[in-house]
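Breakdown of the fold
For reference, the chains in residue letters:
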Amino acid sequence: MKGDKILLKFILKRLGYTIFVLLGVSILSFGLLKLTPGSPARLMLSDDATEEQIKEKEIEMGLDKPLMTQYLSYMSGVVRGDLGDSLFYKMPNSKLIFQRLPATAYLTLVAMGIALLIGIPVGIIAGVKRGTAIDFTAMVFGLLGQSISGVVLGLIFILFFAVKLGWLPAMGYGGFEYVIMPATSLAMQMAALISRMLRSGMADVLQEDYITATYAKGISSKEINLKYALRNAILPVITIVGLQVGTFLGGAVVTEQIFGWPGIGTLTVQAIGLRDFPLVQSILLVISACFVLVNLLVDIIYTLVDPRMDFN
Amino acid sequence: MKKRNWKRRLLSLAVCTTMVLGMAACGGNSSGGAGSGGNGGNTTTTASGGENVFVFAGPNNITQWDPLNENKTNAYMLSRLTYNSLVNPYGENSAIQPELATEWSVSEDGLEWTFQLREGVKFHNGEDFNADSVAATLNRLLDNPTLVHAGFWPSLAGAEAKDTYTAVIKLKEPWGAILNQLVDTPMLPAAALAEKGDALFEFNDINKPIGTGPWIADKWTPGQDAEFIRNEEYWGWEDDKSNVDRIIYRPVIEDTTRVSGVQTGDLHMIDAVPVEQADMLETIKGVEIEKFLGSAIVHLGFRTTEDRVFKDINARQAVNHAINRELIVSSIAGGGAASDWPCPAGVMGYDAANAYIPEYNVELARELLGKTDYNGETISFIAPTGVFARNKEVAQAVLAMLTEAGFVVNLEIMENAAFQERRAAGNYDLYLQRYPFPVGDPDSVITQRWLNDAHKSGYVNDELNAMILAQKQESDAVVREQILKDLFALQWSEAAPHLALYQQVTTIAYREGITGLRVRVDNVFDYSRVSKN
């Protein structure tokens with residue numbers, strides 16, 4: 001009973017912090033965008049537009065008003081659930097963002113899944129068999145994974161699997177055959193990181209007294225590795241996963257661009273290049289909200305895994 | 001103890017699941033195809049029922065569909081699919097020829113252009129094309145001065161329907177280049193425009209762009225495929241009728257992906273092939289390459305106000321002779337042609353008899369620089385990125401060449417948005433850019449960039465300005481051409497406000513069996529007659 005109440009209080013407190021985080025993000029993004037040189041009106045008109053035309057366009061876009069007014073009118077929309085309209089697409093930002101967010105979320109989840117599927121077993125084996133040839137191989141893989149840029153990996157995948165072998169399509173959005181290359185190129189660095197962290201975590205935990213005691217009780221190695229050691233070693237990995245998902249959500253921009261993946265990353269970069277202020281601000285708000293929620297989720301999962309943790 | 005623990009854990013799990021489902025649901029709330037994986041536009045290149053589908057890709061992302069508010073090349077290309085204009089430039093030697101207008105004449109004073117219109121043409125929504133359409137389209141420009149195209153019609157006074165198939169366009173002053181501008185002014189449906197206003201250009205399930213063109217707008221997801229189906233009722237199909245059922249434009253920003261796409265066959269034609277990949281693609285079986293010299297010129301711009309080095313013509317000529325144009329074209333820009341005139345061949349005003357490439361001569365450059373007051377002050381040289389192929393490398397080559405001639409130069413390469421701000425503020429000595437000559441006519445470029453000095457060069461030459469005004473108002477093409485030739489000859493010797501460096505080349509790549517691409521002198525590609533075998 002008491003535990004449930006504590007959980008609820010925790011969630012509400014975190015949601016409260018979220019409001020402050022989002023407020024901070026909105027002010028920062030607005031400020032930074034306005035400080036950067038470049039006018040959307042000038043970019044929208046042709047290269048030869050006169051100063052008068054540009055001024056008129058700016059008035060039409062509401063950019064001639066004082067900064068405070070622009071910020072407040074944008075925010076007053078946000079609190080009512082209206083994220084404003086894109087200057088360039090001439091449609092509601094929420095429509096653009098939520099049209100693209102699922103693609104990035106899908107890519108992120110698959111990438112995370114692959115990273116865990118590869119990273120965890122490799123990390124466990126390397127940690128358990130520390131010092132052996134298996135460990136060495138695993139760590140070489142780890143080093144390679146962390147050193148090769150996801151971009152280069154992505155391009156290599158396309159050239160090899162799509163162009164040379166013709167097994168997979170070079171670009172596009174869809175099921176397994178479309179997502180496997182971008183997700184894997186995104187996942188490799190994470191997989192390498194997870195395996196390295198898990199390996200040292202396992203190696204450390206396996207040396208602890210309570211593990212020796214468990215051996216003494218007659219429990220099998222396999223059970224010890226998976227049920228006892230892993231539970232403890234995986235804790236830092238969970239935290240990292242939470243943070244990294246946030247980064248992936250932020251767009252894995254280059255991966256999306258390379259594979260023509262219609263996600264939020266490409267939308268953001270283009271919007272910034274065009275100085276589409278309302279769109280950029282709305283994207284940043286949505287992504288920040290996602291990031292905070294994901295981390296909240298991670299913290300809750302953490303407590304599921306580690307009963308020693310509570311919400312205080 | 002244990003019991004409480006379990007309950008808490010179950011509750012936590014429930015909360016997590018709800019959050020995940022919540023996020024997925026809010027994502028799934030989207031309209032359009034992006035949420036449902038694997039369906040529609042951009043995943044399959046052959047749609048259901050054995051349709052003949054042609055997919056072409058370019059680097060521009062289309063953000064809106066109002067053809068009078070567009071300034072990107074790929075968007076112009078797409079407007080050729082759904083719309084027609086009064087005239088087109090597909091005549092002999094790129095001459096203007098009839099499209100929706102069958103004949104035309106201009107009044108004595110040059111202020112009224114009368115067009116006889118083609119009869120029996122219908123818009124995709126069934127509306128008739130007639131003089132009302134012409135009037136509605138042009139008056140829209142007058143009524144909405146913030147439209148991009150309104151800026152291209154500064155002398156427009158109005159348009160009216162004299163009778164059903166006769167339209168009159170009225171000007172405030174004579175304008176020799178009006179026909180060229182009309183090539184890029186698609187005709188809009190008057191009734192639909194009156195009824196829907198700007199919503200006519202939305203391109204979603206409810207509203208789609210409506211024109212008289214050979215292709216009908218079908219569907220579009222922002223940032224992804226735009227699909228068009230063949231208009232069987234199109235008035236203009238001759239023996240060039242396309243055998244393609246569906247045309248898809250796919251924005252693919254990453255160069256390598258575009259190139260890979262044409263190799264795998266995911267894409268049937270791509271433009272803006274990067275220089276390095278063009279040679280590689282030529283060796284691939286099943287892929288063809290074609291290079292087109294376009295009317296776009298890469299040039300330097302000088303700031304020539306009182307306090308600046310380049311106020312002195314000797315300094316400008318020093319730059320002129322310090323640049324090795326041939327080297328840039330052959331080794332750095334990946335192709336093209338060294339400029340021998342301020343405009344390239346094919347643009348009105350090009351004078352083959354008198355054109356010459358300024359001599360590359362570093363000694364001469366140093367000598368000329370010596371005649372100025374230049375004392376080693378740092379020259380501010382700005383260049384944008386992402387505007388044209390190899391822009392960074394060309395800027396760096398120019399930097400090296402100027403340094404060799406004795407200039408001290410600080411090169412700043414910056415994002416296009418920032419570059420535009422700097423240039424507009426006149427905060428530079430030198431900049432690198434390019435200009436296209438839309439439809440092969442120089443009027444808009446020389447009026448806006450030389451006469452009106454849109455980019456703050458500070459250069460004022462009364463003789464040049466007088467000639468620019470004269471050619472603008474000259475309705476007789478032969479007379480106008482001579483004025484332009486003289487004008488360019490003067491500008492070439494003055495080397496201000498711009499100094500043409502080279503003419504750009506555009507490379508496209510396409511799968512074997514693709515035919516029917518129409519290419520304009522300004523390298524706007526017209527895909528409306530493409531056939532795929």
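Predicted model only: the values in this text are computed from it and were never measured.

1. Here's the deal with the overall build of chain A
Across its full length, chain A holds 14 helices and zero strands. Going residue by residue from the N terminus, the α and β elements of chain A occur as α-α-α-α-α-α-α-α-α-α-α-α-α-α. Once the C-alpha set of chain A is aligned to its principal axes, its extents read approximately 85 × 60 × 30 Å. In chain A, buried positions account for 41% of the 312 residues.

2. Thoughts on helix α11 (residues 391-404) of chain B
All names here are of chain B. In a regular helix each residue adds 1.5 Å, so 14 residues correspond to 20 Å; α11 covers 20 Å between its end C-alpha atoms and thus fits that length. Buried residues along α11 sit in contact with β12 (287-302), α8 (313-322), α9 (325-332), β14 (378-384), β15 (408-414) and β16 (430-435). Positioned one or two residues after α11, glycine 406 has a phi angle of 110°, which is positive.

3. Describing the confidence of the model for chain A
Per-residue confidence for chain A gives a mean pLDDT of 85; residues scoring 70 or more make up 97%. Ranking the helices and strands of chain A by mean pLDDT puts helix α4 (residues 67-79) of chain A first, with 91, and helix α10 (residues 221-233) of chain A last, with 78.

4. Here we look at the environment of serine 39 of chain A
Positionally, serine 39 of chain A belongs in the loop between α1 (2-35) and α2 (40-44). Residue classification places serine 39 of chain A among the partly exposed residues on the basis of 18 C-beta atoms within 10 Å. Along the backbone, serine 39 of chain A and proline 278 of chain A are 239 residues apart, and their C-alpha atoms lie at a distance of 13 Å. Those residues in contact with serine 39 of chain A that lie beyond four places of it in its chain are Glu58 and Arg275 of chain A together with Glu421 of chain B.

5. Quick word on the packing of helix α7 (residues 150-164) of chain A against helix α6 (residues 255-264) of chain B
It is at 10 Å that the axes of α7 of chain A and α6 of chain B come closest, and there the two elements cross at 5°. On the basis of their axis angle, the class for α7 of chain A and α6 of chain B is roughly parallel. In this structure, α7 of chain A contributes Leu155, Ile158, Leu159, Ala162 and Val163 of chain A to the contact, and α6 of chain B contributes Thr256, Thr257, Ser260, Gln263 and Thr264 of chain B. Class assignment of the residues belonging to the contact of α7 of chain A with α6 of chain B gives a composition of five nonpolar, five polar and no charged.

6. Observations concerning the pairing of strand β6 (residues 156-163) of chain B
Residues and elements named next belong to chain B. One ladder, built from six bridges, connects β6 with strand β7 (residues 166-171); its direction is antiparallel. Looking across to β7, one finds that aspartate 163 is bridged to threonine 166. Hairpin connection, β6 to β7: the antiparallel pair is bridged by two residues.

7. A short note on the environment of glutamate 512 of chain B
Residues and elements named next belong to chain B. Mapping glutamate 512 onto the fold places it in the loop between β17 (498-511) and β18 (514-515). The class for glutamate 512 is exposed, based on 10 C-beta atoms found within 10 Å. Residues glutamate 512 and methionine 269, 243 residues apart in the sequence, show an inter-C-alpha distance of 9.7 Å. Leave out the neighbours within four places in its chain, and glutamate 512 touches Gly286 and Glu288.

8. Quick notes on the sheet that holds strand β5 (residues 112-117) of chain B
Residue and element names in this part refer to chain B. Spatial ordering of the open sheet is given by β4-β5-β7-β6, a layout of four strands whose pairing is antiparallel. With one partner strand each, in any of the chains shown, β4 (101-106) and β6 form the two edges of the open sheet. This sheet shows a mean twist of 20° between the axes of neighbouring strands, independent of strand direction. Note: β5 against β7, five bridges, orientation antiparallel. Across the sheet, phenylalanine 115 pairs through a bridge with alanine 167, a residue of β7. Sitting on the sheet, helix α3 (residues 131-143) touches β5, β6 and β7, and the angle it makes with β6 is about 165°.

Criteria and cut-off values
Residues numbered from 1 in each chain as written. Chains lettered and ligands numbered in written order. Predicted model: local features only at pLDDT ≥ 70, side-chain atom pairs only at ≥ 80, totals over all residues. Helix = DSSP H or I, 4+ residues; strand = E, 2+ residues; numbered from the N terminus. Buried ≥ 20, exposed ≤ 12 C-beta atoms within 10 Å, placed from the backbone. Expected span 1.5 Å × (residues − 1). Contact = placed C-beta atoms within 7 Å. pLDDT = per-residue confidence, 0-100. Axes fitted to C-alpha atoms, helices over the stretch in contact; angles between N-to-C directions. Parallel < 35°, antiparallel > 145°, perpendicular 65-115°, else oblique. Nonpolar A, V, L, I, M, F, W, Y, C, P; charged D, E, K, R; others polar. Pairing = 2+ DSSP bridges.

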